[in-house]
Amino acid sequence: MPLCRERGCRAELGSLERLPLPDRSVDVITLNHTLEHVDEPMAGLRERFRVLRPGGSVLVVVPDADKWKIALMPRLGRDLRPELCGWQHHVYSSSTTLRRALKRSGLRVMHEHRASFRPSANPLVEWPRHSLYGVTSTLGRWLRLRRALHVVAMRP
């Protein structure tokens, strides 16, 4: 924190369940491989809703519990073996359960994969790239090959 402050940035110490920020004061929040490491992820999501401004966005990235290896061979799934990871995840999320949790916390899911369309890019390159990514993303979901879920939600 001292380094952040030396560089003119605001730095506060908080927890997932309690942020030292006023209500509706943040535009963008990222939770990158965080929710699976806490006992009560809903408390963390509700706290994000509290500090997020209307129209603000939150990016949530968690391991995909629907991955084939975890579903079919749980003992081989690295996420289920603390001796391989150094810790154990407390919560596992599928696309359905993560969407449900975000909705219960008051957030609205806007987008669920990493493909993004770049309107300023050359259309002859961008349309095929975006289409191919959409196909591979869909196949990854159907074949249970996704390692992580990437979900963008918004506070209405």
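Up top you'll find the structure we're talking about.
First things first, this report covers the structure right here in the doc. For clarity, every value in this text was computed on a predicted model and none was experimentally measured. (Residues numbered from 1 in each chain as written. Predicted model: local features only at pLDDT ≥ 70, side-chain atom pairs only at ≥ 80, totals over all residues. Heavy atoms only, no water.)

### A look at the overall build of the chain
Working step 1: Helices and strands together make up the secondary structure of the chain, namely 6 helices and 4 strands.
Working step 2: Counting from the amino terminus, the chain carries its helices and strands in the arrangement α-β-α-β-α-α-α-β-α-β.
Working step 3: Taking all 156 residues of the chain together, 35% fall into the buried category.
Working step 4: Once local pairs closer than 6 in sequence are excluded, the contacts in the chain between residues at least 24 apart make up 74%.
Working step 5: Accessible surface computed for the chain: about 10,000 Å², of which carbon and sulfur atoms make up 58%. (Helix = DSSP H or I, 4+ residues; strand = E, 2+ residues; numbered from the N terminus. Buried < 20%, exposed > 50% of the residue type's maximum accessible area, 1.4 Å probe, protein only. Contact = heavy atoms within 4.5 Å. Areas by Shrake-Rupley, 256 points an atom, 1.4 Å probe, with all protein chains shown as cover.)

### Topic: the pattern of salt bridges
Working step 1: Under the definition given, this model contains 6 salt bridges.
Working step 2: A salt bridge links Arg 18 to Glu 47; its shortest N-O distance comes to 3.4 Å. A residue pair is termed long-range when its members are at least 10 positions apart, and Arg 18 in the loop between α1 (2-6) and β1 (26-32) and Glu 47 in helix α2 (residues 41-51) qualify at 29 residues.
Working step 3: Taken together, the shared-partner salt bridges connect Arg 18, Asp 23, Glu 47 and Arg 50 into one network. (Salt bridge = Lys/Arg side-chain N within 4 Å of Asp/Glu carboxyl O.)

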